[in-house]
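Residue-level structure breakdown
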Amino acid sequence: MRTKVSDHVLRRLREWGVEHVFGYPGDGIAALLAAWARAGDEPRFVQARHEETAAFQAVGYAKFSGRLGVCAATSGPGAIHLLNGLYDAKLDHVPVLAIIGGTNRSAMGGSYKQEVDLHTLFRDVASEFTVTVTVPEQLPNVLDRAIRTAYARRCPTAVIIPADVQELEHSAPAHEFRTTPCGPYRSDWTAIPSQESLERAAEILNSGDKVAILAGQGAAGARAEVERIAEVLGAGVAKALLGKDVLSDELPYVTGSIGLLGTRPSYELMRDCDTLLTIGSSFPYTQFLPDFGSARGVQIDIDPHMIGMRYPYEVNLVGDAKETLRRLIPMIRGAERGREWFETVCDNVRFWDEVLERRARVSADPINPEYVARALDPLLPPDAVVTSDSGSVANWYARHLTMRPGMRGSLSGTLATMGCGVPYAIGAKFAHPDRPVIALVGDGAMQMNGLAELVTAATYRDRWQDPRLVVAVWNNQDLNQVTWEMRAEGAPSFLPSQQLPDVPYAAFARSLGLTGVRVEKPEDVVSGWRTALEADGPAVVEFLTDPAVPPIPPHATWEQLEATAASILKGDADRGSVIRQGFKAKAQDFLPGRASR
């Protein structure tokens, strides 16, 4: 049988080590689907419920495997639906390849059914590489370059293959003029800064008495080196949300997440330091970094395009975090440093943990959402993979879950899109079928994408060696993060936009043959988690939580809380309980346990 272009696409993916493609069928990729049947479903086609969630699954797979995520969609609407997931990959610097069917070449420009200008559509999201294959000889080079670019630039790329081209007989590029032969191979490489720049960085770090480190996802391969330089410098380490699993939260000098969703000790670390070392992060909120001019700065990042962006760093080290730190650490003088700063950082971390424990124990109606996350923390398996959706649940993920060695966690960082938590978790299960995966999701995100993707989880449950995929839903019938943002800006909650219908999430899971648990009382929270974590397959555990519990920013003062309360009194539908819960939560900062701050 002759080999078609569609057959060669799958063969080339296999040669690159691709094992899964997340997608949804359509006639624009009909020839590719026929090739999948001829190939015995290798690489495996994972059918999502929507092209957007297929792209999210590819992103989740790439984030948790370190390998290329691949998604596929038909022309027109299918391609359009991919965009949100691909933008998530672009903004979080994740390698993803989108394979898209296109209109037949003979119909292009004829306003044909589902004809969309795909190059214009993908010009921004896949700006590093978007190419249409028009003849078979072009295919190998286009696929290889798309994959290499995705890996090298840590970005999404797109390959568009018109439907009629997929049906053509494959013909390899010849050794002749105007052909571009290639091979499917990617060698490892490492970027290292110059010796001069390393020495300048060491001089700055050695001059500091109060050093702060900000670690992001770019430090993921340098765990031991980050620990070592922190200990030598006597530094505290704050983590960008995408770097939450880079370093263990059990280390006494790790202050946790930074930013609006971050911790008080991370805020204090940045406020009071005199030197900042940023490793593998482009954390965008400069108001949470040291005041400009108050601290000297050094940054390490492998991408010269992203370096020197957020703070007036004196030295920008372009290089791999691990190799750069290995060369920098011997230049650091640690013995001369006092321990007062380090001990203050550790003391701040201990006190904050007490505050979080007290906040989680504050009574609420019916369940305190912070307690739900706090109760999960000691129950997390040591090899757990945790995904979080966007919304108020991301606050509880950021603050209450202790990342320990061996655990993984992520969310939509820069795009902060809703609806990614459950698709991420499914992608993570295909990346690590032998590990438990837990998705933390608000009810808004669950209604957006999560309910449909429970069908995907039920469909593929038998493919995973470890059957545990737990979806936890914070059911407060409110689009809570935006509600609180409106209140903080002086606008009372607007019920027609913010109120959500009460959906029986656990019952829906049971209708699919999955485990479903509904928790309505605080005393049942722990047992609800245990039931879900011990289930013999995917499980949904639904917690009825109080929307009046505020996600208080780490820098919030009594005066700011009083100002918010004043705006709420102007007409918020839930003003009584909101004010009561806000003051109860903030009061935990001032209970006995440490000297006045």
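All values reported here derive from a predicted model rather than from experimental measurement. (Residues numbered from 1 in each chain as written. Predicted model: local features only at pLDDT ≥ 70, side-chain atom pairs only at ≥ 80, totals over all residues. Heavy atoms only, no water.)

Regarding its fold elements, the chain presents 23 helices and 18 strands. A compact globule built from 597 residues should have a C-alpha radius of gyration of about 25 Å, and the chain, at 25 Å, falls within 12% of that. The dimensions of the chain, computed from C-alpha atoms along their principal axes, are 80 × 60 × 45 Å. Look at the contacts in the chain between residues 6 or more apart in sequence, and 75% of them connect residues 24 or more apart. Carbon and sulfur atoms form 51% of the exposed surface of the chain, whose accessible area is close to 23300 Å². Here the chain contributes 61 positive and 73 negative side-chain charges, whose respective centroids are spaced 2 Å apart. (Helix = DSSP H or I, 4+ residues; strand = E, 2+ residues; numbered from the N terminus. Rg over C-alpha atoms; globule rule 2.2 N^0.38 Å. Contact = heavy atoms within 4.5 Å. Areas by Shrake-Rupley, 256 points an atom, 1.4 Å probe, with all protein chains shown as cover. Lys, Arg positive; Asp, Glu negative; His and termini not counted. Charge placed at Lys NZ, Arg CZ, Asp CG, Glu CD.)

Within helix α5 (residues 83–92), the full set of buried residues consists of L83, G85, L86, D88, A89 and D92. Looking one or two residues past α5, H93 carries a phi angle of roughly 60 degrees, positive in sign. (Buried < 20%, exposed > 50% of the residue type's maximum accessible area, 1.4 Å probe, protein only.)

Tracing the sequence through the fold places R12 in helix α1 (residues 5–15). For R12, a relative accessible area of 8% corresponds to the buried category. Polar contacts involving the side chain of R12 include one to the side chain of D144, which spans 2.7 Å. Not counting residues up to four positions away in its chain, the partners in contact with R12 are P140, L143, D144, C182, G183 and P184. (Polar contact = N/O pair within 3.5 Å; in protein donor to acceptor, adjacent residues only side chain to side chain.)

Here the focus is helix α9 (residues 195–207). With 13 residues, α9 extends 19 Å from end C-alpha to end C-alpha; this agrees with the ideal 18 Å at 1.5 Å per step. Residues of α9 that are buried: S197, L198, A201, A202, I204, L205 and N206. Contacts from the buried residues of α9 go to β7 (211–215), α10 (223–233), β10 (275–279), β11 (296–301), β12 (315–318) and α12 (321–328). (Expected span 1.5 Å × (residues − 1).)

Quick look at the environment of P382 now. Within the secondary structure layout, P382 lies in the loop between α14 (369–376) and β13 (385–388). Sequence-wise, P382 and K63 are 319 residues apart; in three dimensions their C-alpha atoms are separated by 19 Å. With near-sequence residues (within four places) excluded, P382 lies in contact with P405, G406 and M407.

Among the 7 residues in strand β4 (residues 96–102), 7 count as buried, and that is most of the element. Covered by surrounding structure in β4 are V96, A98, I100 and G102 together with L97, I99 and G101, the residues of both alternating faces. Note that strand β3 (residues 69–73) and β4 share 5 bridges and pair parallel. Bridging from a neighbouring strand, G69 pairs with V96 of β4. With 7 bridges connecting them, β4 and strand β6 (residues 156–162) associate as parallel partners. Directly across from L97, in β6, lies its bridge partner T157. (Pairing = 2+ DSSP bridges.)

Let's shift gears to the packing of α14 against helix α21 (residues 525–533). At a closest axis distance of 9 Å, the pairing of α14 and α21 adopts a crossing angle of 50 degrees. Here α21 runs oblique to α14, going by the angle between their axes. Considering the relative orientation of α14 and α21, their crossing is right-handed. Of α21, the residues touching α14 (which contributes Y371, V372, A375 and L376) are V525, V526, W529 and L533. A class-by-class count of the residues in the contact of α14 with α21 yields 8 nonpolar, no polar and no charged. (Axes fitted to C-alpha atoms, helices over the stretch in contact; angles between N-to-C directions. Parallel < 35°, antiparallel > 145°, perpendicular 65-115°, else oblique. Left-handed = near helix turned anticlockwise from the far one by under 90°. Nonpolar A, V, L, I, M, F, W, Y, C, P; charged D, E, K, R; others polar.)

Moving on: the sheet that holds strand β18 (residues 539–544). Picture the strands of a sheet paired through backbone hydrogen bonds; they go either parallel or antiparallel. One open sheet holds the 6 strands; their spatial order is β14-β13-β15-β16-β18-β17, and the pairing between them is parallel. With one partner strand each, in any of the chains shown, β14 (408–411) and β17 (515–519) form the two edges of the open sheet. Averaged over neighbouring strand pairs, the angle between their axes works out to 15 degrees when direction is ignored. Judged from the 6 bridges that link them, strand β15 (residues 437–442) and strand β16 (residues 469–475) form a sheet pairing that is parallel. Across the sheet, A439 pairs through a bridge with V471, a residue of β16.

Glancing now at the sheet that holds β3. Strand order in the open sheet formed by 6 strands is β2-β1-β3-β4-β6-β5, with parallel pairing between adjacent strands. The two strands at the open ends of the sheet, each matched to only one other strand, are β2 (44–47) and β5 (130–132). Strand after strand, the sheet turns through a mean of 25 degrees between neighbouring axes, direction not considered. The pairing of strand β1 (residues 20–23) with β3 spans 2 bridges and is parallel.

Each regular strand displays side chains that alternate between the two surfaces of the sheet. Summarising the sheet, β17 and β18 pair through 5 bridges and their orientation is parallel. Each bridged residue has a counterpart across the sheet, and for V517 the counterpart in β18 is V541.

UniProt's entry tags residues 198–328 with the feature "domain: Thiamine pyrophosphate enzyme central" (unreviewed entry), counted in the numbering of this structure. Split by type, residues 198–328 is 29% helix and 21% strand. Its first and last C-alpha atoms lie 6 Å apart. (UniProt positions renumbered as here; feature names shortened; annotations may be inferred.)

Aromatic ring pairs are reported here in terms of the distance separating the ring centres and the angle at which the planes meet. Enumeration according to the criterion identifies 13 aromatic pairs in this entry. With a centroid separation of 5.0 Å and 75 degrees between ring planes, the pair formed by W36 and F45 is classed as edge-to-face. Considered together, W36 and F45 belong to a single accessibility category, that of buried residues. Among the aromatic residues, those joined into a cluster by ring pairs are F22, Y61, F430, Y460 and W464. Across the ring face of Y397, the terminal group of K244 is positioned such that the distance to the ring centre comes to 5.5 Å. The lysine or arginine in question, R487, covers the ring of W484, its NZ or CZ lying 4.7 Å from the ring centre. (Phe/Tyr/Trp six-rings, centres within 6.5 Å; stacked < 30°, edge-to-face > 60°. Lys NZ or Arg CZ within 6 Å of the ring centre and 35° of its normal.)

What follows covers the pattern of salt bridges. Under the defined criterion, the tally for this structure stands at 26 salt bridges. Taking the shortest distance from any N to any O, the salt bridge between R153 and E128 comes out at 2.4 Å. Note that R153 is positioned in helix α7 (residues 139–153) and E128 in the loop between α6 (118–121) and β5, a separation of 25 residues in sequence. One salt bridge in this structure joins R296 and E203, with 3.4 Å as the shortest N-O distance. Within this pair, whereas R296 is found in strand β11, its partner E203 is found in helix α9, the two being separated by 93 residues in sequence. A residue is classified by how much of its surface remains accessible, and R296, at 27% relative accessible area, is partly exposed. Accessibility expressed as a relative area gives 41% for E203, which makes it partly exposed. Three or more residues joined by partner-sharing salt bridges are found here, namely D353, E357, R361 and R374. (Salt bridge = Lys/Arg side-chain N within 4 Å of Asp/Glu carboxyl O.)

Here the focus is the nonpolar core. Nonpolar side chains tend to gather and get buried jointly when the protein is soluble and globular. Membership of the largest hydrophobic core comes to 55 residues, with the highest contact counts inside it found for V96, I100, F122, M446 and V471. Top element by residues in this core is helix α3 (residues 51–65). It accounts for 8 residues. Not counting residues within four places of it along the chain, the set of residues in contact with V471 comprises V422, A439, V441, M446, L454, A539, V540 and V541. Counting residues in hydrophobic clusters, the runner-up holds 38 residues, among them L242, I367, W396 and I438. (Core = buried A, V, L, I, M, F, W, Y, C linked by side-chain atoms within 4.5 Å.)

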